[in-house]
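Spelled out, the chains give:
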Amino acid sequence: MNVVEANGAKIPAIGLGTMTLKGDVCVDAVKTALQLGYRHIDTAERYGNEREVGQGLAQGLRAAALAREDVFVTTKVYHDNLAPADFQRSFDESLQKLDLPFVDLLLIHWPNPNVPLAQTLAVLCRAKRDGRAKHVGVANFTTALLQDAVKLSSEPLVTNQIEVHPFLDQSKVLAATRSHGLSVTAYCPLARGKLPDNAVLDRIGKAHGKQSSQVALRYLVQQGIIPIPRTANPDHLAANLAVFDFRLSEAEMNEIDKLRSPAGRVVDPPHAPQWDR
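Predicted model only: the values in this text are computed from it and were never measured. (Residues numbered from 1 in each chain as written. Predicted model: local features only at pLDDT ≥ 70, side-chain atom pairs only at ≥ 80, totals over all residues. Heavy atoms only, no water.)

Draft legend 1. Structural detail: the packing of helix α2 (residues 50-63) against helix α3 (residues 84-98). α3 packs onto α2 with a crossing angle of 40° between their chain directions and a minimal axis gap of 7 Å. Looking at the two axes, α2 sits oblique to α3. Touching E50, R51, V53 and G54 of α2 are S94, K97 and L98, all from α3. Looking at side-chain class alone, the contact of α2 with α3 contains 2 nonpolar, 2 polar and 3 charged residues. (Axes fitted to C-alpha atoms, helices over the stretch in contact; angles between N-to-C directions. Helix = DSSP H or I, 4+ residues; strand = E, 2+ residues; numbered from the N terminus. Parallel < 35°, antiparallel > 145°, perpendicular 65-115°, else oblique. Contact = heavy atoms within 4.5 Å. Nonpolar A, V, L, I, M, F, W, Y, C, P; charged D, E, K, R; others polar.)

Draft legend 2. Summary view of the environment of A127. With respect to the helices and strands, A127 occurs in helix α4 (residues 117-129). Judged by its relative accessible area of 5%, A127 is buried. Here the alpha-carbon distance between A127 and D92, two residues 35 residues apart in the chain, equals 10.0 Å. Once you skip the residues sitting within four places of it in the chain, A127 turns out to touch F91, L106, R132 and A133. (Buried < 20%, exposed > 50% of the residue type's maximum accessible area, 1.4 Å probe, protein only.)

Draft legend 3. Local environment of the sheet that holds strand β10 (residues 226-227). Here we have 8 strands laid out as an open sheet, ordered β3-β4-β5-β6-β7-β8-β9-β10, and parallel in their pairing. At either end of the open sheet lies a strand with only one pairing partner, and these are β3 (16-17) and β10. Sheet topology places strand β8 (residues 157-163) next to strand β9 (residues 183-187); 5 bridges connect them, and they run parallel. Note that in β9 the partner of T159 across the bridge is S183. (Pairing = 2+ DSSP bridges.)

Here it is as structure tokens:
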């Protein structure tokens, strides 16, 4: 598996997103993903599936004869648990549910303006120093929040997990994230099903013998962005991983660039920060 390096972390270049996957569907998806060659699994306390992700991980490690260290596991602490004591409790519970002594990456899931960022970062960084998180980072941070986080963090931050796909213009926050040496992890990399109807992606896909979804993922991978598409369908799991055997031309990349718009955002909950425009 190709990796993206950032501030000391080596993050597998594509991962499995697990939001909304529950019960046996989640367990089977994680196990199947590992058997197919995935080495990066993304979950979060708020997804309510860490126990199932942990079970799928344990089964997948056995089935694929892998060591725990072979798989990069990410979890997150939600914005309503960012006060230090709440953060600590939330992360303790996450490790317990995952049945793991450590995660590879621990993220602040969403910023919370009501909790001083310095306090949250202090407990986040302590998790790294304690060895319970190999690396730490943030999610849904804007350029201004990133600048503050990098300044206040006592440990290197390794990723900013944000919504990225061909229909959303994230150029400002992408540039800021990279300027601080962080990687970009892309959630909703397939824009939750908007892709199959797009003529540009469809045409480029046909030229490469690929699906439009594979073109969208390749577009991100080729920029060094780490997509974490979510699916429990074994065929889709395999297809999403098959994006390292072709390359988009500069003209094709430029054509896909033109699909981006500030209005293309899919995820915009009430607790979201003031997004970069």
